[in-house]
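# Working through the structure, step by step
Residues per chain are reported as follows:
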Amino acid sequence: MMLTLHAAPVMTAAFLASLVEFVEALTVVLAVGSVRGWRPALTGTALGLATLGALVAVLGPALTRIPLEAVQLAVGVLLLLFGLRWLRKAILRAAGVIPLHDEAAAFAGETAVMRSYGRVRDRAWDAVAIGTSFKIVMLEGIEVVFIVIAVGAAGGLLLPASLGALAALVLVILLGVALHRPLARIPENALKFAVGVLLSAFGAFWVGEGIGIDWPGADWVLLALVAGFLAVALAAVPLCRGRRALAVAAD
Amino acid sequence: MGALRTLARELVALFVDDGSLALSALLWVAACALAVRLGLPAGWVGAALAVGLAAILAENALRAASRKS
């Protein structure tokens, strides 16, 4: 029961957070492929995924050798900072303080950048296309690796976290192959809001365990933490909207 | 080197967007750790940790929303 209580939210958090990152990577790879050709775009993607695989193979076993309490505190702090940052941004986006992330606009921008490099001279080894695809897969992929480690390592649940991320990768690849255009309809901010709540709750939980807090209700307190962060974040949205309106009116 | 620098910058940006949010959260965690060391009831410290972090988040978001763009 306790394992399910942890495994289900861990898998969900890893799936949703990874989905957001993979969607962002797909947008750039699609832009590269449509302008510079699919072969270099997919070569860069494959190189990025292979490098990430090697990183996971090295980092994964190393983590198991670190004492659990140290992992809980270190991972908890990183998870907390990561979650609070996502949640803050999601609140401000939902309140209209900062603009929503627009995959269609990101695709148009990246396509324009690819065109600005001029015509492709060597279709077999297009360094611009390979480099761009490699970089975006590495950047977004490292975030995914961190998310998997962060949500899975402290509780010994790396497997469900990895499965969640893998499911997101497969889903995004399938959608990308089927649609051949950016996944602009995925409600990224709602996902970030939900993931921000989950990561903040997990972060607070593991930080607490790491500093020696004996949580009342043991693992069940996670549900209370999720509910608490969700309630505060939802309440903050209209308050931020009101504050923004006052600030604009005062200008 | 440029790519490595970009990667390092992106990694830091994963955790720190608004410096005051990260710093406040870290200071609050440190204060709660100290409270546990001093022998305060761990259950109460846990509640204070969660409530404090949520309050820090809300205050930071409200302050960002009030800022003149």
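First, a word on what this report is: a plain description of the structure on this page. (Residues numbered from 1 in each chain as written. Chains lettered and ligands numbered in written order. Predicted model: local features only at pLDDT ≥ 70, side-chain atom pairs only at ≥ 80, totals over all residues.)

The next thing to look at is the overall build of chain B. Check the secondary structure of chain B and you find three helices and zero strands. Reading the helices (α) and strands (β) of chain B from amino to carboxyl end gives α-α-α. Across the 69 residues that make up chain B, the buried fraction comes to 23%. (Helix = DSSP H or I, 4+ residues; strand = E, 2+ residues; numbered from the N terminus. Buried ≥ 20, exposed ≤ 12 C-beta atoms within 10 Å, placed from the backbone.)

Glancing now at the interface of chain A and chain B. Counting from both sides, the interface comprises 40 residues of chain A and, opposite them, 34 residues of chain B. Looking at the side of chain A that touches chain B, the elements that each hand over two or more residues are α3 (68–94), α5 (127–152), α7 (188–210) and α8 (221–250) of chain A. With twelve residues, the top contributor of residues to the side of chain A that touches chain B is α3 of chain A. Here the residues of the side of chain A that touches chain B are counted per class, giving 28 nonpolar, three polar and nine charged. (Contact = placed C-beta atoms within 7 Å. Nonpolar A, V, L, I, M, F, W, Y, C, P; charged D, E, K, R; others polar.)

What follows deals with α5 of chain A. Between its terminal C-alpha atoms α5 of chain A stretches 36 Å, which fits the 38 Å expected from 26 residues at 1.5 Å a residue. Most of α5 of chain A is tucked away: 21 of the 26 residues are buried. (Expected span 1.5 Å × (residues − 1).)

Another aspect to go through is the nonpolar core. The biggest cluster of nonpolar side chains holds 99 residues, and the ones touching the most others in it are A14, I91 and V148 of chain A. Counting residues per element, this core draws most heavily on helix α1 (residues 2–36) of chain A, at 17 residues. (Core = buried A, V, L, I, M, F, W, Y, C linked by C-beta atoms within 7 Å.)

Here we take up the packing of α3 of chain A against α7 of chain A. Residue and element names in this part refer to chain A. Where α3 meets α7, the closest approach of the two axes is 6 Å, and the angle between their N-to-C directions is 150 degrees. On the basis of the axis angle, α3 is roughly antiparallel to α7. As α3 packs across α7, the resulting crossing turns out to be left-handed. Its residues assigned to classes, the contact of α3 with α7 shows 19 nonpolar, eight polar and five charged. (Axes fitted to C-alpha atoms, helices over the stretch in contact; angles between N-to-C directions. Parallel < 35°, antiparallel > 145°, perpendicular 65-115°, else oblique. Left-handed = near helix turned anticlockwise from the far one by under 90°.)

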